[in-house]
Amino acid sequence: MENGRDTFPFPYQPYNIQEQFMQALYSALDQGKVGIFESPTGTGKSLSLICGALSWLSDFEEKRKQESAALLHEGEAALSTVTVPSSTSSSSAEPDWITDFVKKKADRDLVSKLKDEELKRKKREERLEMIRNNVQLKYAMKRKSCEDEEAIKLLQLSKEEQTEPQGDQEDEELIIAEYESDDESKTKSRFSATEEDDDLVEEHVTKIYYCSRTHSQLAQFVHEVQKSPFSKDISLVTLGSRQNLCINDEVRRLGSSQRINDRCLEMQKNKHDKHQEEGVKRKRGPAKSVCPYNKATALQQMRDDVLGKVHDIEQMLKLGRETHSCPYYATRLSVPPAQLVVLPYQILLHEATRKAAGIQLKDQVVIIDEAHNLSDTLSCIHSAELTGAQLCRAHSQLTQYSDRYKSRLKAKNLMYIKQILFVVEGLVRVLGGKVGQNPQTQTTQTGTEMLTINNFLFKAQIDNINLFKLPRYFEKSLISRKLGGFVEKYAGSGVSLHTQNSIKENRRTEGLNRYLQTLQSNQSTTPADQQGSEAEKVLSASPMMQVEGFFMALTNSNTDGRVVVQKQGTVSESSVKFLLLNPAVHFAQVLEQCRAVIIAGGTMQPVSDFKQELLFSAGVAEERITEFSCGHVIPPENILPLVLCSGPSGQELDFTFQSRDTPRMMDETGRILSNICNVVPGGVVCFFPSYEYSRRIVSHWEASGALSRLANKKKIFQEPKKANQVEQVLSEFSRCIQRCAADPGGLTGALLFSVVGGKMSEGINFSDDLGRCVVMVGMPYPNIKSPELQEKMSYLDKHLPHNGGKSPGQALIENQCMKAVNQSIGRAIRHRGDYSSIVLCDRRYARPATLSKLPEWIKERTSTHTTFGPAFAALRKFFLEKKQKQV
């Protein structure tokens, strides 16, 4: 195993670069490295990750089994030998028989431990084999025939409870339980497990955690596993949110993830309360609803099905409905014995979420795919923002909750609620407002202020509150969920939050109701159905979960983050935002605990800032880092990257902020596109640096007639503003190109205007005729005037070393720009037989430092042209040759 592997199981004959990738991956895992792996899209990266990593896991388990057997044999041999008394005097003070006894005891303990581990391993293997052969497990009881009927009855009961009049007695579920501080509750478990859950607790086997950005990317990865040689032997589980995995229609229709989570947790608590009340006379009042899909027997059955065969999320939802079992909880029960766990970034990279999902990283392997924006992802996950409207609503709701249940809440709960209200009031004060008044009518002076955490706490006058205790209180008291249930239960469209006819209570809610009515009246310009749904969301959702997240963010180290106070004219639109400047502090936990971490992507260049900001800053030594980058599987003649320094009329291409809006620059860009559309068949995708610039240049072309000239050659499409319209636009774009290919006498294809960093610059596949040419207009530098970016640059300049004469802050904006470029131009060339051209329109791309940040397989084939003529000739020749080969 130390020598690696020469061959790997693979569904077909792998490319050379795939074999190199798997060998490098195997070596990195075996040596416990942090690996940065780059393999362009279309080179079979997913299969290489699967076959390389699972080959290592298989060998690792076999090697460990052999080592355990050898140790067991040695231990048993040592116990069976008779110790011969030594004739020489012992240097130790203890007699020989004591030394021998101690040694024998250690040997016995080792043998006992090894036998125990071997027994557990055999049981796991036997159980998996039984599952795969559909043999009934000894602990899986026969399901009662009436269980389905019971499920239907419980669902019906849930429906009835939603409509039946509710009294104060049922409000018991909204009351916060007696809170115990950390010292008082050390001996108690955070989770209350029932007896039927005890046999589900298992130790974690050695496993690989694979995470990516979106559920669609995870589903694609699972499909690749299903096609691999390991599909029959691997135990795989896919984790997701309740919103993705819930099959209870009564809960699903709540819509928002927060309300789904709250309802699910409430049903969980009701189930636990039901167990505690068994044998005890139940208090009067309506029965508490429990989820009919959350039963130990059904969860066991579904867990076995999940472990026995590879399922994607859609297949798990179908399985859950068939077995009347909750996929969300069944998948979490499957984590300990699973060998491959597939999950989104957010679950793995956020510590609290990781713990809630039962993920243990100690000595495990983590593979982070699509990791080109990992630093930004970590910063985003651990940042938090609150608007003035949310803060005022949270204060109003929590005040009314406290007033209503004051006599039923314990003193410690009331104390913490007062502290939360005090902090929220301080946050509103920072925005220039007062609680208890309509935030939309409170004006404030526009401006942005950047503060350290400590200075922000002083400014808000909340520095005397222990902010480390409040997040713990949020977590253990479940106050966000209780308040969410309270608001959902009593909020109505402009009516009193409380349903009882109490003038005093109506006065308490008057301010909130006026505010909610104002929100509704301001939305009168929207369609009626949209207005109703938006108002319902405002009325029925509590922002306390966001408040909890912001409180947690304020517990970061003073140097690791900043608080941005942004005043926007009114308190309602103003906001406080926590900005994480040092993502390495949270990534360090993953790097320290894991045996090995693999960071992979199609375009990982430039990696210098990545290593410095995320790895070195997290304490990773240079010798632990290994890098692998491979070229593309396409032949060199199938790609033509060009750098244009000037246009057809000789105008120098300088898309700096000062020059790009000039009419001559916009006109020259139109002429470049017109020439390109003359010689490029099929689809052309043109990327602009921002939505605003895209709007301005297209408006200019419309006025000058350039747009109509382009439309005479290719049908024009534009990236939609709404995410749910992307599929429709892509579908029409694809159909148009297919029609044009079938009718050579008409248009030559389609032209798509898109935006760097937009909805079509990542994860979209422009293969074959959909993307025969990708045009990049200008360089998409981030907004240097952004206070957040300036603070980030200042932080890096202060904490990171200066290399190559450039400050780390300056390197950050250049690297952000080129990462965005690399993602956008990577949309084309998706398989071995594909071909495409890439046109980079800006003289700045010709700089050696900029060219060096392109992916190696593109950079080595890029040619720079100071004049347009030779570049256009090369482009025309490229497509003529491709056309002749096809004939």
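Here's a quick rundown of the structure. The shown structure was predicted, so the numbers you read here are calculated from the model rather than taken from an experiment.

## So, the sheet that holds strand 4 (residues 340-344)
Sheet strands line up and pair through hydrogen bonds in the backbone, either parallel or antiparallel.
Item 1. Sheet architecture is open: seven strands sit in the order 3-4-2-5-10-1-11, paired in parallel fashion. Single-partner strands in this sheet number two, and they are strand 3 (236-238) and strand 11 (625-629). Across the sheet, the axes of successive neighbouring strands diverge by a mean angle of 15°, strand direction being ignored.
Item 2. Two strands pair when backbone bridges link them, and strand 1 (residues 34-38) and strand 11 are joined in this way by five bridges, in the parallel orientation. Residue I36 lies in a different strand from strand 11, and its bridge partner there is E627.

## What to know about the nonpolar core
Proteins that are soluble and globular tend to have nonpolar side chains buried together.
Item 1. Counting residues in hydrophobic clusters, the biggest one holds 62 residues, and the most contacted among them are L374, F587 and I599.
Item 2. In terms of residue count, the dominant contributor to this core is helix 23 (residues 584-593) (five residues).
Item 3. Not counting chain neighbours up to four residues away, the residues in contact with F587 comprise L349, I368, L374, L378, V597, I599, L614 and L615.
Item 4. Ranked by size, the runner-up nonpolar core spans 52 residues in total, among them A460, F486, F550 and L554.

## A look at empty space enclosed by the protein
Item 1. Across all of its chains, the model carries 10 cavities of 30 Å³ or more by this definition.
Item 2. Estimated volume of the largest cavity: approximately 180 Å³.
Item 3. For the largest cavity, the lining is made up of 18 residues, of which C246, C264, C291, C326 and Y329 are closest to its centre.
Item 4. Mapped by element, the contributors of at least two residues to the lining of the largest cavity are helix 6 (242-245), helix 8 (257-277) and helix 11 (327-333).
Item 5. In terms of residue count, the dominant contributor to the lining of the largest cavity is helix 8 (five residues).
Item 6. Of the residues belonging to the lining of the largest cavity, the class tally is 13 nonpolar, three polar and two charged.

## Re the packing of aromatic side chains
Item 1. Applying the stated criterion to the full structure yields 22 aromatic pairs.
Item 2. Here the aromatic rings of Y328 and Y329 are separated by 5.0 Å at their centres, their planes lie at 90°, and the arrangement is edge-to-face. Grouping residues by exposure puts Y328 and Y329 together as buried.
Item 3. Taking the centre distance of 6.3 Å and the plane angle of 65° together, the rings of Y835 and F878 count as edge-to-face. Of the two residues, Y835 sits in the loop between helix 30 (808-825) and strand 17 (836-841) while F878 sits in helix 33 (residues 868-886), which places them 43 residues apart along the sequence.
Item 4. F878 sits in the buried class, given a relative accessible area of 6%.

## Quick look at the packing of helix 9 (residues 296-308) against helix 10 (residues 313-323)
When two helices pack together, their arrangement is captured by the angle between the axes and the distance separating the axes.
Item 1. Helix 10 packs onto helix 9 with a crossing angle of 145° between their chain directions and a minimal axis gap of 10 Å. Judged by the sense of rotation from one axis to the other, the crossing of helix 9 with helix 10 is right-handed. Contacts between helix 9 and helix 10 involve A298, Q301, M302, D305 and V306 on the former and, on the latter, M316, L319, G320 and T323.
Item 2. A class-by-class count of the residues in the contact of helix 9 with helix 10 yields five nonpolar, three polar and one charged.

## Let's talk about the sheet that holds strand 16 (residues 773-777)
Item 1. Across the sheet, seven strands lie side by side as 14-15-13-16-17-12-18; this open sheet has parallel pairing. With partners counted over all chains shown, the strands left at the sheet margins are strand 14 (714-718) and strand 18 (863-865), one partner each. With direction set aside, neighbouring strand axes in the sheet form an average angle of 20°.
Item 2. Sheet topology note: the strand 16/strand 17 ladder contains five bridges and is parallel. Note that in strand 17 the partner of V777 across the bridge is C841.

## Some remarks on the pattern of salt bridges
Item 1. Evaluation of the coordinates by the stated rule reveals 24 salt bridges.
Item 2. We note a salt bridge from K611 to E622, for which the minimum N-O separation is 4.0 Å. With K611 in helix 24 (residues 608-615) and E622 in the loop between helix 24 and strand 11, the pair connects residues that are 11 residues apart, well separated along the chain.
Item 3. A residue is classified by how much of its surface remains accessible, and E622, at 46% relative accessible area, is partly exposed.
Item 4. One salt bridge in this structure joins E652 and R843, with 3.6 Å as the shortest N-O distance. Residue E652 is found in the loop between strand 12 (639-644) and helix 25 (663-679), and its partner R843 is found in the loop between strand 17 and helix 31 (848-851); the two are separated by 191 residues along the sequence.

Reading guide: rules and limits
Residues numbered from 1 in each chain as written. Predicted model: local features only at pLDDT ≥ 70, side-chain atom pairs only at ≥ 80, totals over all residues. Heavy atoms only, no water. Pairing = 2+ DSSP bridges. Helix = DSSP H or I, 4+ residues; strand = E, 2+ residues; numbered from the N terminus. Axes fitted to C-alpha atoms, helices over the stretch in contact; angles between N-to-C directions. Core = buried A, V, L, I, M, F, W, Y, C linked by side-chain atoms within 4.5 Å. Buried < 20%, exposed > 50% of the residue type's maximum accessible area, 1.4 Å probe, protein only. Contact = heavy atoms within 4.5 Å. 1 Å grid on protein atoms, 1.4 Å probe; cavity = no way out; pocket = protein on both sides within 12 Å on 5 of 7 lines; lining within 4 Å. Points joined across faces, edges and corners; volume = space filled by probe spheres on them. Nonpolar A, V, L, I, M, F, W, Y, C, P; charged D, E, K, R; others polar. Phe/Tyr/Trp six-rings, centres within 6.5 Å; stacked < 30°, edge-to-face > 60°. Left-handed = near helix turned anticlockwise from the far one by under 90°. Salt bridge = Lys/Arg side-chain N within 4 Å of Asp/Glu carboxyl O.

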